[in-house]
Amino acid sequence: MHLGALFIIGHVLTSASVRETARSFQLSPSTVSAAIRNAETELAMKLTERASGELVTLIASGGVLEGLEPITVAIRELCQFADQAGAGGIDEAWAARIPIKIVAIERFLEVADQGSINRAARRLHLGQPQLSLQLANLEKFLGRRLFERQAQGSVLTEEGRRAYQIFMAISPAWNDLKSAADERYRRTARSLRIGSIIPTGSESWVARCLGLLVSEWNARRSNNAISLVSMTADDLREALKSGRIDVAILDSVFGLEDFRHRELLQTDMVMIAPPHSTETTVADLVAGHAICMPSPRTGLGHAAMVFSAERAPDRRLRSRDIIAADSLPVIVDLVANHGYVSFLGRVSAMPIAGKVRIVDLDEHLPMSYHVAFNHRKAAADACAVIIAAAARITSEAVAKTDAVRESAA
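Treat the numbers as computed from the prediction; the structure is a model and nothing was measured.

Reading guide: rules and limits
Residues numbered from 1 in each chain as written. Predicted model: local features only at pLDDT ≥ 70, side-chain atom pairs only at ≥ 80, totals over all residues. Heavy atoms only, no water. Helix = DSSP H or I, 4+ residues; strand = E, 2+ residues; numbered from the N terminus. Buried < 20%, exposed > 50% of the residue type's maximum accessible area, 1.4 Å probe, protein only. Contact = heavy atoms within 4.5 Å. Areas by Shrake-Rupley, 256 points an atom, 1.4 Å probe, with all protein chains shown as cover. Core = buried A, V, L, I, M, F, W, Y, C linked by side-chain atoms within 4.5 Å. Pairing = 2+ DSSP bridges. Arc of directions from axis to C-beta. Axes fitted to C-alpha atoms, helices over the stretch in contact; angles between N-to-C directions. Parallel < 35°, antiparallel > 145°, perpendicular 65-115°, else oblique. Left-handed = near helix turned anticlockwise from the far one by under 90°. Nonpolar A, V, L, I, M, F, W, Y, C, P; charged D, E, K, R; others polar. Salt bridge = Lys/Arg side-chain N within 4 Å of Asp/Glu carboxyl O.

A. Main features of the overall build of the chain. Counting secondary structure elements, the chain contains 16 helices and 13 strands. Burial statistics for the chain: of 409 residues in total, 47% are counted as buried. By sequence separation, contacts in the chain at least 24 residues apart represent 70% of the contacts at least 6 residues apart. Total accessible area on the chain is roughly 20,600 Å²; 52% of this is exposed by carbon and sulfur atoms.

B. Spotlight on the nonpolar core. One finds Trp205, Val247, Leu264 and Met271 to be the most contacted residues of the largest nonpolar core, which totals 69 residues. Considering each element in turn, this core owes the most residues, 10 residues, to helix α16 (residues 377-408). Beyond its immediate stretch of four places on either side in the chain, Met271 contacts Val282, Leu285, Val286, Val341, Ser342, Phe343, Arg357, Ile358, Val359 and Leu361.

C. Region of interest: the pairing of strand β7 (residues 192-196). Of all five residues in β7, five are buried; the element is thus mostly enclosed. Burial of the side chains of β7 extends over both faces: Leu192, Ile194 and Ser196 are buried on one face and Arg193 and Gly195 on the other. Sheet topology note: the β7/strand β8 (residues 226-230) ladder contains five bridges and is parallel. Along β8, the bridge assignment pairs Ser196 with Ser230.

D. Here's a closer look at unusual backbone geometry. In this structure, Gln26 takes a positive phi of about 55° despite not being glycine. By secondary structure assignment, the location of Gln26 is in the loop between α2 (18-25) and α3 (29-43). The exposure class assigned to Gln26 is exposed, which follows from its relative accessible area of 61%. Even without a glycine there, the phi angle at His125 is positive, about 60°.

E. Layout of helix α11 (residues 233-242). Considered for burial, the residues of α11 that qualify are Ala233, Leu236, Arg237, Ala239 and Leu240. The buried residues of α11 occupy one face: seen down the axis, they fall within an arc of 165°.

F. Broad picture of the packing of helix α6 (residues 102-114) against helix α7 (residues 117-124). Close contact between α6 and α7 brings their axes to 8 Å; oriented N to C, the two are set at 125°. Put simply, α6 runs oblique to α7. Seen from above, α6 lies across α7 with right-handed handedness. In this structure, α6 contributes Arg107, Glu110, Val111 and Gln114 to the contact, and α7 contributes Ile117, Arg119, Ala120, Arg123 and Leu124. Tallied by class, residues from the contact of α6 with α7 come to four nonpolar, one polar and four charged.

G. Representation of the pattern of salt bridges. Enumeration according to the criterion identifies 15 salt bridges in this entry. For Arg144, the salt bridge goes to Glu159, with nearest N and O atoms at 3.1 Å. Taken together, the residues Arg144 in the loop between α8 (128-142) and β5 (147-150) and Glu159 in helix α9 (residues 158-190) connect sequence positions 15 residues apart. When its relative accessible area of 17% is taken as the criterion, Arg144 is described as buried. With a closest N to O distance of 2.6 Å, Asp234 and Arg237 form a salt bridge. Residue Asp234 and its partner Arg237 are located together in helix α11, separated by three residues, close to a single helical turn. With relative accessibility at 11%, the residue Arg237 sits in the buried group. Each member of the salt-bridge network shares a partner with another, and the members are Asp83, Arg144 and Glu159.

Nothing here speaks to function; it is geometry throughout.
Below is the structure:
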């Protein structure tokens, strides 16, 4: 990282605006955005995200902004040191373009502490000419002579001592930020990140499967801690592709050609209806109730919309219809308590049979769930546990349903 980028980032986190920062510093928005991305990479954390077209600073950015404060103060002092200040304050556009890298600052400090370019070069494992050139470039940019070269070594000039005080404020502040980042990198490297489609609720096979995974994984005293996240199938594929997760449980095989993947289980699609509804066919249920379905970003939502479109091509949307609800617990609640109908895989509907009516479709519509994973051995091991857990849980649910049917008969 260079000082100009750190000055830019401090302004973005304060103003919560890329465009305002770009205008203030006479930069392009892409330059400001690139500075943010580089900082997020260096610090191993997400600082901002976009919501409804607006930039939103995340909670973690508050700590980073606090850590940047001594660096920002030092950059302002550096502007005054380099005569880049006037009656109205420092030249912020100049500050945002300071090309001095943190590594150059640390090398300057090492030479100052050693009192010799040769000794510093040996300690830094650098060539003496390379280090001399970096110091010369630093002096040229600041327009100040920082060292007096003497026979016994290199001694700081009066201006060099002032630069030393400024840089001594920057280096430890950055190292504090980086040490926290290094710990986050280590935690990330140790953790196994697992993403899944959104469970229908705590009793769903997905939630129980993940619970079994965590329990068995920790019982093995694995060195890899598990972190869990739920999202839509589209988002899971993107997260797996970008490396943000190691394992994904999806309700569709679509788009998994580039990943290692295995079938988790097979089922078929059913309709779920209000528990006290009396209609006996899917057509009557659709005609008499509003529909609530996941969006096509989910495998289930895509299959359900194709099915409903083929069965009722002339049906007009009603004001109460919801066709992009990516929260299965909300969908289940709308069906169980508010008179909606929806579609689920049978294996997901069976655990909530006490809350909703399960209605078979007029034809068998197969669905399959899959688990995809990356190259890590821990990811493959977790997949094996997930597959075994899913088989156990779904077989228990089938046995329980059969027992209920037999007792009712």
